[in-house]
Amino acid sequence: MDWQQLAALAIVGIAAFLLLRSQLRPRVGCLSKTGPCGCSTTGPAPKGSIIFRARKGERPQVIVKLP
């Protein structure tokens, strides 16, 4: 086995190790108590709406309405 095969095998081994490590690592925090960002959730998030208007020959408009 020459040095190029050994280097390629080392790269594949390191990549496999990093992928498996992220799968086997214990999760931090509980999503039932915290949101996906890690902040505490006290109530439902305010919901907004997005309106997309486009007419032929005109510039499209995106309107975001927040409560």
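To continue, consider the overall build of the protein. A count of helical and extended segments in the protein gives one helix and two strands. Its helices and strands taken in sequence order, the protein reads α-β-β from the N to the C terminus. Classification of the 67 residues of the protein by burial places 1% in the buried group. Counting only carbon and sulfur atoms, one obtains 64% of the accessible surface of the protein, whose full area is about 6900 Å².

This brings us to a nonpolar patch on the surface. A grouping of Ile50, Phe52, Val62, Val64 and Leu66 is seen on the molecular surface, where their side chains present a nonpolar patch of about 600 Å² in accessible area. Taken together, the elements giving at least two residues each to the nonpolar patch come down to strand S1 (49–53) and strand S2 (61–65). With respect to the element layout, Phe52 can be found in strand S1.

The rules we used
- Residues numbered from 1 in each chain as written.
- Predicted model: local features only at pLDDT ≥ 70, side-chain atom pairs only at ≥ 80, totals over all residues.
- Heavy atoms only, no water.
- Helix = DSSP H or I, 4+ residues; strand = E, 2+ residues; numbered from the N terminus.
- Buried < 20%, exposed > 50% of the residue type's maximum accessible area, 1.4 Å probe, protein only.
- Areas by Shrake-Rupley, 256 points an atom, 1.4 Å probe, with all protein chains shown as cover.
- Patch = residues over 30% accessible without salt bridge, like charges linked within 9 Å, V, L, I, M, F, W, Y side chains within 5 Å.
- Salt bridge = Lys/Arg side-chain N within 4 Å of Asp/Glu carboxyl O.

Take it as geometry only, folks, not as evidence of what the structure does.
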